[in-house]
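In case you want the letters, here they are:
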Amino acid sequence: MDTHKRQLGRITGDFAINILASVIYTFARQIVVFPLLAARLPEDTYGTLLTVTGLVNICTSLVGNSLNNIRLVQNSRYEESGILGDFNVLCALGCAGSVVFSAVLWQLFAYDTVTAVLLTVYLSISILYQYASAFFRLNLNFKRIFQCNVLVSLAYVAAAFPFANAALWPMVFLLGEGAGLIYVSVRTPFLREPCCRTPLFPETAKKAVVFMLSNLVGNLLMYADRMLIYPVLGPESVSYYSTAAFFGKSAGIVMTPIAGVLLGYFAQKNFRASRRLFLLVNGVSVTCLLIFFLGCCLFAPWFTKLLYPTLYDASAPYILLANLGAVVSIAGNMAQPMILKCCSTRWILTIQLLYGGTYLLLAMTLLPAHGLYGFCWATILANAVRLLALYALGFWKF
């Protein structure tokens with residue numbers, strides 16, 4: 001009994017540390033950086049910036065976050081074989097691909113050369129940082145994650161004031177993520193691992209590709225508001241929708257590390273999945289999210305007006321619907337870690353493709369006909385389809 005109490009206390013403490021770390025990080029980006037950029041830039045320029053950063057985040061998460069999760073899933077195989085390697089090779093390939101992606105963005109949005117170079121450097125640094133932070137989760141060292149997030153947040157805030165302008169804004173993100181990469185490189189064996197292939201490379205690369213495809217769908221849809229709204233309604237509408245969804249998306253940033261804590265524990269050798277545990281994790285997450293949505297109804301309009309006074313009037317009609325879509329999306333993210341660990345990655349890809357197809361069909365139908373209202377409902381319904389599919393898979397497998 002004492003052992004169970006200690007384990008429960010440790011897990012609770014890890015959740016608390018990660019939530020606090022994420023709150024600090026979210027405050028730096030969502031309360032300081034983006035409102036400052038919104039205040040200093042014209043609405044159309046800010047909308048374009050949001051679109052570019054959304055596409056950049058897709059790329060960095062596609063490679064860095066995918067390799068982070070695959071490292072957690074595959075680590076026991078490497079430990080059993082007594083070998084190291086593969087992941088730094090995959091990181092190098094991902095960074096090379098990010099250079100090509102940056103060149104494509106440069107052609108699409110025609111920003112100046114300085115911005116293009118800074119974005120390219122930021123892409124590579126962010127990919128390495130997102131992958132390397134897996135070492136903290138492997139060792140369940142969430143205090144280091146907290147310390148790292150504090151450092152990254154301070155770097156973001158320090159960089160925001162001098163570099164929040166049309167040409168140098170990538171410096172804000174480069175310096176923020178760069179501080180995290182330096183910390184992780186000093187505190188983990190990331191740089192000391194060999195950059196070589198091992199006999200497990202084909203298996204790991206195959207799983208990485210499947211998970212990247214799944215992650216690509218998820219991240220494309222996470223930033224679909226920017227990519228679908230931009231060509232149909234223009235950059236100003238991107239600004240309005242992003243402002244309306246600000247409160248809920250901030251909660252998503254805060255709660256995402258909780259899913260990381262879960263996957264860290266699920267990655268341990270002695271983990272055993274069960275339907276009871278699946279029900280417990282998702283029951284708690286849904287309860288918390290219902291309470292959060294009630295908070296959205298009460299506080300989101302006031303908070304949004306405080307941070308985005310110039311965009312509030314145009315965004316106000318969509319705040320509750322946009323935040324409801326974000327809440328349903330977070331519930332799906334909380335359901336995914338146990339399925340990722342215990343089910344084939346092909347199932348995750350299948351669900352993501354179902355989600356993606358539903359999202360695009362609804363968005364392309366409702367957005368031109370009903371504007372941002374239609375897009376809000378497309379987001380809610382598509383995320384509900386994904387959530388129900390994840391629950392169904394969990395009940396079937398466990």
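Residues numbered from 1 in each chain as written. Predicted model: local features only at pLDDT ≥ 70, side-chain atom pairs only at ≥ 80, totals over all residues. Heavy atoms only, no water.

**Describing the overall build of the protein**
Within the protein, the regular secondary structure consists of 15 helices and zero strands. Looking at the protein residue by residue over its 398 residues, the buried ones come to 57%. Here the contacts in the protein between residues at least 6 apart in sequence split such that 84% fall between residues at least 24 apart. With an accessible surface of roughly 17,300 Å², the protein has 69% of that area assigned to carbon and sulfur atoms. (Helix = DSSP H or I, 4+ residues; strand = E, 2+ residues; numbered from the N terminus. Buried < 20%, exposed > 50% of the residue type's maximum accessible area, 1.4 Å probe, protein only. Contact = heavy atoms within 4.5 Å. Areas by Shrake-Rupley, 256 points an atom, 1.4 Å probe, with all protein chains shown as cover.)

**Concerning the pattern of salt bridges**
Under the defined criterion, the tally for this structure stands at three salt bridges. A salt bridge links Arg77 to Glu203, with the shortest nitrogen-to-oxygen separation between them at 2.8 Å. Taken together, the residues Arg77 in helix H2 (residues 43–81) and Glu203 in helix H8 (residues 201–222) connect sequence positions 126 residues apart. With a relative accessible area of 31%, Arg77 lands in the partly exposed category. Close ionic contact of Glu203 with Lys207 constitutes a salt bridge, the shortest N to O distance being 3.9 Å. One end of the pair is Glu203 and the other is Lys207, both in helix H8 and four residues apart, which spans about a single turn. (Salt bridge = Lys/Arg side-chain N within 4 Å of Asp/Glu carboxyl O.)

**Focus: the environment of Ala322**
With respect to the helices, strands and loops of the structure, Ala322 is situated in helix H14 (residues 319–342). Taking relative accessible area as the criterion, Ala322 reaches 3% and is therefore assigned buried. Between the C-alpha atom of Ala322 and that of Ile380, which follows or precedes it by 58 residues, the distance is 8.0 Å. Discounting chain neighbours no more than four positions away, the residues touching Ala322 are Tyr241, Ala244, Ala245 and Cys376.

**As for a nonpolar patch on the surface**
Among the surface-exposed residues, Val100, Val104 and Leu108 lie close enough to one another that they form a single nonpolar patch of about 290 Å² accessible area. Summarising the element assignment, Val100 is placed in helix H3 (residues 87–109). (Patch = residues over 30% accessible without salt bridge, like charges linked within 9 Å, V, L, I, M, F, W, Y side chains within 5 Å.)

**Comments concerning the nonpolar core**
Among the nonpolar cores identified, the biggest contains 93 residues, and Leu37, Tyr46 and Phe173 are the most heavily contacted of them. Element by element, the count of residues in this core is highest for H2, at twelve residues. Within the second largest apolar cluster, 17 residues are counted, among which are Phe278, Leu289, Met334 and Leu393. (Core = buried A, V, L, I, M, F, W, Y, C linked by side-chain atoms within 4.5 Å.)

**A word on unusual backbone geometry**
At Asp86, a residue that is not glycine, the phi angle is positive and equals roughly 75°. Inspection of the secondary structure puts Asp86 in the loop between H2 and H3.

**Quick notes on the side chain of Arg137**
Structurally, Arg137 can be placed in helix H5 (residues 134–138). Taking the relative accessible area as the measure of exposure, Arg137 reaches 11% and is therefore buried. Here Asn68 takes part through its side chain, which lies 2.5 Å from a polar atom of the side chain of Arg137. (Polar contact = N/O pair within 3.5 Å; in protein donor to acceptor, adjacent residues only side chain to side chain.)

**So, the packing of helix H4 (residues 113–132) against helix H7 (residues 170–187)**
Where H4 contacts H7, the two axes come as close as 8 Å, and the packing angle between them is 30°. On the basis of the axis angle, H4 is roughly parallel to H7. Our pair here, H4 against H7, has a crossing hand that is left-handed. Here H4 contributes Thr115, Leu118, Leu119, Val121, Tyr122, Ile125, Ser126, Leu128, Tyr129 and Ala132 to the contact with H7, which in turn contributes Pro170, Met171, Phe173, Leu174, Glu177, Gly178, Gly180, Leu181 and Val184. Looking at the contact of H4 with H7 residue by residue, the classes come out as 14 nonpolar, four polar and one charged. (Axes fitted to C-alpha atoms, helices over the stretch in contact; angles between N-to-C directions. Parallel < 35°, antiparallel > 145°, perpendicular 65-115°, else oblique. Left-handed = near helix turned anticlockwise from the far one by under 90°. Nonpolar A, V, L, I, M, F, W, Y, C, P; charged D, E, K, R; others polar.)

**Quick word on H4**
Helix length check: H4, at 20 residues, gives a terminal C-alpha distance of 29 Å against a target of 28 Å (1.5 Å per residue), a fit within 8%. The buried fraction of H4 is high, at 15 of 20 residues. (Expected span 1.5 Å × (residues − 1).)

**Things to note about the packing of H2 against helix H10 (residues 235–244)**
Packing of H2 against H10 brings their axes to within 7 Å, and their N-to-C directions diverge by 70°. Relative to H10, the element H2 lies roughly perpendicular. Residues Glu43, Asp44, Tyr46, Gly47, Thr48, Leu50 and Thr51 of H2 lie in contact with H10, whose contacting residues are Pro235, Glu236, Val238, Ser239, Tyr240 and Ser242. Considering only residue class, the contact of H2 with H10 consists of five nonpolar, five polar and three charged.

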